[in-house]
Amino acid sequence: MFDNKERTNLEELGEFGLIEHLTKSIVLNEKSTVKGIGDDAAVLDFADKKTLISTDLLLEGIHFDLRYVPLKHLGYKAVQVNLSDIYAMNGIASQITFSIGLSSKFPLEAVEEIYEGALIACKKYNVDLVGGDTSASAQGLVISVTSIGYADQSKVVYRSGAKEGDLICVSGDLGGAYVGLQLLEREKKIFLDNPNIQPDLEGKDYIVERQLKPEARRDIVELLAEKDILPSSMIDVSDGLASEILHICKQSDKGCKIYEEKIPIDPMTYDTAFEFGLDPTVCALSGGEDYELLFTIPQSDYDKVKGLLDITVIGHITEPSAGCDMISKSNKVHPLIAQGWNSLKKKEEN
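This section reports on the structure supplied with the text. (Residues numbered from 1 in each chain as written. Predicted model: local features only at pLDDT ≥ 70, side-chain atom pairs only at ≥ 80, totals over all residues. Heavy atoms only, no water.)

Quick look at the overall build of the protein now. When its secondary structure is counted, the protein shows 10 helices and 14 strands. A buried classification covers 49% of the 350 residues belonging to the protein. Of the contacts made within the protein by residues no fewer than 6 positions apart, 85% connect residues no fewer than 24 positions apart. With an accessible surface of roughly 17,500 Å², the protein has 50% of that area assigned to carbon and sulfur atoms. (Helix = DSSP H or I, 4+ residues; strand = E, 2+ residues; numbered from the N terminus. Buried < 20%, exposed > 50% of the residue type's maximum accessible area, 1.4 Å probe, protein only. Contact = heavy atoms within 4.5 Å. Areas by Shrake-Rupley, 256 points an atom, 1.4 Å probe, with all protein chains shown as cover.)

Written as structure tokens, this is what we have:
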């Protein structure tokens with residue numbers, strides 16, 4: 001994951017030296033950033049906007065495996081998954097803090113790669129890195145990101161606003177990140193059994209990228225605003241479609257019907273899932289880490305979304321007594337069950 005030929009021990013810099021080294025090239029672009037790194041706290045000014053804040057913790061061996069996750073991709077993804085939470089509130093992300101805990105096995109060059117990935121994400125999404133911390137870690141690599149954003153009070157979207165009859169929509173396609181993970185895990189096992197065999201990922205770029213380098217959907221938030229669509233509820237798809245729609249239904253006290261034939265699944269995801277003996281629909285329902293946006297809109301907005309290539313209507317909201325179901329391609333009714341990834345579940349030993 002990093003070049004051992006160039007190895008600078010972090011002890012040579014110390015904590016403050018490391019922070020100064022990593023942050024010296026940071027440029028602030030957001031007008032809401034009054035003061036960034038360099039003082040005891042950042043100073044932000046959102047004027048008349050509502051402030052949105054979210055935080056995520058990523059742990060080596062639980063959330064990522066450095067045997068196949070490049071450090072630059074890890075830094076990029078750590079930022080992306082956090083920004084996604086701000087977009088899921090129909091807000092615009094504007095700042096992050098980026099904290100990292102490292103064991104002694106990581107040299108300066110490895111930390112630089114992680115930060116480089118994070119700063120690439122910041123630049124792409126017009127986000128300022130305004131703070132963070134570094135610390136020694138006895139448990140491998142730990143990354144904590146807090147994202148900050150804003151929205152007009154009238155435009156903030158919660159999980160709890162879905163209404164009976166609303167259409168259920170999702171951006172992009174689903175299941176790719178999970179199938180990409182299965183591919184990476186297979187190649188890791190082959191490599192561990194025989195280090196002379198090189199990973200075979202040819203032709204699978206899309207699903208591998210869906211796992212290693214997801215893209216938060218700020219563009220969907222901007223598209224909805226452009227089309228004058230205000231979702232009644234919204235959530236990002238981090239734990240699988242089934243889990244997320246059940247969150248919306250529980251918070252809104254409603255039921256739902258989604259249709260299997262409407263769930264958007266990329267052909268590569270579909271074909272590769274079958275190669276692994278997996279049902280592509282189950283991958284979309286329970287896989288997670290797609291970071292697409294799942295949202296509900298009034299039926300009166302249907303004409304506004306029906307021609308949009310990156311948004312698919314997959315069902316509708318019902319009264320709570322109707323339950324939460326998926327109608328299969330064979331027209332059978334299947335109750336939706338949250339079987340998404342659980343970070344508190346003990347990981348099986350390899």
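What follows continues from the structure just given.
Their axes nearest at 9 Å, the elements helix α5 (residues 205-212) and helix α8 (residues 267-275) cross at an angle of 95 degrees. Between α5 and α8, the interaxial angle falls into the category roughly perpendicular. Every residue of α8 that contacts α5 at Asp 205, Tyr 206 and Ile 207 is listed here: Met 268, Thr 269 and Thr 272. For the contact of α5 with α8, the residue count by class is three nonpolar, two polar and one charged. (Axes fitted to C-alpha atoms, helices over the stretch in contact; angles between N-to-C directions. Parallel < 35°, antiparallel > 145°, perpendicular 65-115°, else oblique. Nonpolar A, V, L, I, M, F, W, Y, C, P; charged D, E, K, R; others polar.)

This part takes up the pairing of strand β10 (residues 255-259). Burial runs high along β10: four of the five residues are buried. Taken together, the four bridges between β10 and strand β12 (residues 311-318) define a ladder with antiparallel strand orientation. Across the sheet, Lys 257 pairs through a bridge with His 316, a residue of β12. Where β10 lies against strand β13 (residues 324-327), four bridges are found, and the strand directions are parallel. Each residue of the ladder has a partner; that of Ile 258, found in β13, is Met 326. (Pairing = 2+ DSSP bridges.)

Here we take up the environment of Asp 45. Mapping Asp 45 onto the fold places it in the loop between β2 (43-44) and β3 (50-59). Judged by relative accessible area, which is 48%, Asp 45 ranks as partly exposed. Along the backbone, Asp 45 and Lys 31 are 14 residues apart, and their C-alpha atoms lie at a distance of 8.3 Å. With residues near it in sequence (within four places) discarded, Asp 45 still touches Ser 32 and Val 34. Within polar-contact distance, the side chain of Asp 45 engages the backbone nitrogen of Ala 47 at 3.0 Å. (Polar contact = N/O pair within 3.5 Å; in protein donor to acceptor, adjacent residues only side chain to side chain.)

Next up on the list: the sheet that holds β13. Hydrogen bonds along the backbone pair up the strands of a sheet, which may run parallel or antiparallel. Taken in spatial order, the seven strands make up an open sheet running β9-β11-β8-β12-β10-β13-β14, and their pairing is mixed. Of all strands in the sheet, those with a lone pairing partner are β9 (233-236) and β14 (333-335), marking the two edges. Strand-to-strand twist of the sheet, defined as the mean angle between neighbouring strand axes without regard to direction, takes the value 25 degrees. Of the strand pairs in this sheet, β13 and β14 are connected by three bridges, and their pairing is antiparallel. Paired with Met 326 across the two strands is His 334, which belongs to β14. Packing against the sheet, helix α7 (residues 241-252) makes contact with β8 (167-171), β9, β10, β11 (293-297), β12 and β13, and its axis sits at approximately 150 degrees to β9.

Attention now moves to α5. Those residues of α5 not exposed but buried are Ile 207, Val 208, Arg 210, Gln 211 and Leu 212. Buried residues along α5 sit against α2 (71-87), α4 (176-193) and α8.

This brings us to unusual backbone geometry. The phi torsion of most residues other than glycine is negative, and most of the peptide bonds are trans. Here the phi dihedral of Ala 47 falls at roughly 55 degrees; this positive angle occurs in a residue that is not glycine. Relative to the elements of secondary structure, Ala 47 occurs in the loop between β2 and β3. The phi angle at Asn 90 is positive, at roughly 65 degrees, despite the residue not being glycine. With respect to the helices, strands and loops of the structure, Asn 90 is situated in the loop between α2 and β4 (92-102).

Among the surface-exposed residues, Asp 200, Glu 202, Asp 205 and Glu 209 lie close enough to one another that they form a single negatively charged patch. Residue position: Asp 200 is located in the loop between α4 and α5. Exposure remark for Asp 200: the relative accessible area of 49% places this residue in the partly exposed category. (Patch = residues over 30% accessible without salt bridge, like charges linked within 9 Å, V, L, I, M, F, W, Y side chains within 5 Å. Salt bridge = Lys/Arg side-chain N within 4 Å of Asp/Glu carboxyl O. Lys, Arg positive; Asp, Glu negative; His and termini not counted. Charge placed at Lys NZ, Arg CZ, Asp CG, Glu CD.)

Given 3.6 residues to a turn, an α-helix orients residues that are three or four positions apart in the same direction. Between its first and last C-alpha atoms helix α3 (residues 108-124) spans 24 Å; for 17 residues at 1.5 Å apiece the expected length is 24 Å, and the two agree. After α3 finishes, the residue Asn 126 shows a positive phi value of roughly 55 degrees. (Expected span 1.5 Å × (residues − 1).)

One pass over the full model with this rule turns up 22 salt bridges. Measuring nitrogen to oxygen at the nearest pair gives 2.6 Å for the salt bridge that ties Lys 49 to Asp 152. You can see Lys 49 sitting in the loop between β2 and β3 and its partner Asp 152 sitting in the loop between β7 (142-151) and β8, a full 103 residues away along the chain. What makes Lys 49 partly exposed here is its relative accessible area of 31%. By sharing partners, the salt bridges in this structure join Asp 173, Arg 210, Arg 217, Asp 219, Asp 290, Glu 292 and Asp 310 into a single network.

This brings us to the environment of Val 305. Mapping Val 305 onto the fold places it in helix α10 (residues 302-305). Classification of Val 305 as buried rests on a relative accessible area of 1%. With 81 residues separating them along the chain, Val 305 and Leu 224 place their C-alpha atoms 8.8 Å apart.

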